[in-house]
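Residue-level structural notes
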Amino acid sequence: MPTPEHGVAAGSLGKEVTLEISMMGHGLGSAIKMSAGSGVRRDGTGKDTDLAWALKRRFRGADAVQRQYTVTVEAAVSETADKLKRDVDFWLNPATGNTNMVITMKISRRLALIDIKTWVLVGSRPHCDQSVLISKDKKGKIRITAPLRMPFESIFDRPSSISGRKDIYLSEARLENIAEDIWEEQEI
């Protein structure tokens, strides 16, 4: 069941990614749309996203893949690791979610600790592509293990073809903004 932290986590991540995309220029911000709480239904099964990005306009061509979302986000506060893994499996499965990448945010309910992972398909199996830990010690010092990388191709469903279009990296400062928003909601 979604908690207030779900909405804050997804919304804050969405805000920071949107800022990075708009800074890239080239009209990229107008090429995608972001949605929350919507989902997919196929063959009697379905799932709602905490957050997702999709192309506003599909590219046409013989090799074009039809996707509802290119990247989905799953925030987990009380959910188990097994439930989060099932969510990743659903979104990456070509027969159900068919997304390019899943971002999971595992948020501790009691500690100032957030584990963000990105997942992609390697062959036919979900693979954790990166892991970023964000924590705050008792003195208030925030530690972040790495920036968060979102490949251009995962978001826009095609390789970058123009100079200046690069992967999106959420810096430590952007990740700290996200963490502070979540911890403020949790009163940690």
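That block above? That's the structure.
Residues numbered from 1 in each chain as written. Predicted model: local features only at pLDDT ≥ 70, side-chain atom pairs only at ≥ 80, totals over all residues. Heavy atoms only, no water.

**A word on the packing of aromatic side chains**
How two aromatic rings sit relative to each other is set out by the distance from centre to centre and by the angle between their planes. Scanning the model with the defined rule gives three aromatic pairs in all. Here the aromatic rings of Tyr-69 and Trp-91 are separated by 6.0 Å at their centres, their planes lie at 75°, and the arrangement is edge-to-face. Here the residue Tyr-69 occupies a position in the loop between β4 (51-55) and β5 (71-76), and Trp-91 occupies one in helix α2 (residues 81-92), the gap between them amounting to 22 residues. The exposure class of Trp-91 is buried, given its relative accessible area of 0%. Between Phe-90 and Trp-91, the aromatic rings sit 5.1 Å apart at their centres with planes inclined by 85°, giving edge-to-face as the arrangement. The burial state of Phe-90 is the same as that of Trp-91; both residues are buried. (Phe/Tyr/Trp six-rings, centres within 6.5 Å; stacked < 30°, edge-to-face > 60°. Helix = DSSP H or I, 4+ residues; strand = E, 2+ residues; numbered from the N terminus. Buried < 20%, exposed > 50% of the residue type's maximum accessible area, 1.4 Å probe, protein only.)

**Here's the deal with the pairing of strand β6 (residues 101-107)**
Here β6 lies mainly inside the structure; six of its seven residues are buried. Crossover connection from β5 via α2 to parallel β6: handedness right-handed. The pairing of β6 with strand β7 (residues 113-122) spans six bridges and is antiparallel. Bridging from a neighbouring strand, Ile-103 pairs with Thr-118 of β7. Two successive antiparallel strands, β6 and β7, enclose a turn made up of five residues. (Right-handed = clockwise from strand over helix to strand, strands pointing away. Pairing = 2+ DSSP bridges.)

**A short note on a negative patch on the surface**
On the surface, Glu-172, Glu-176, Glu-180, Glu-184, Glu-185 and Glu-187 cluster together into a negatively charged patch. Along the chain, Glu-184 turns up in helix α4 (residues 172-186). (Patch = residues over 30% accessible without salt bridge, like charges linked within 9 Å, V, L, I, M, F, W, Y side chains within 5 Å. Areas by Shrake-Rupley, 256 points an atom, 1.4 Å probe, with all protein chains shown as cover. Salt bridge = Lys/Arg side-chain N within 4 Å of Asp/Glu carboxyl O. Lys, Arg positive; Asp, Glu negative; His and termini not counted. Charge placed at Lys NZ, Arg CZ, Asp CG, Glu CD.)

Keep in mind that these numbers describe shape and distance, not what the molecule does.
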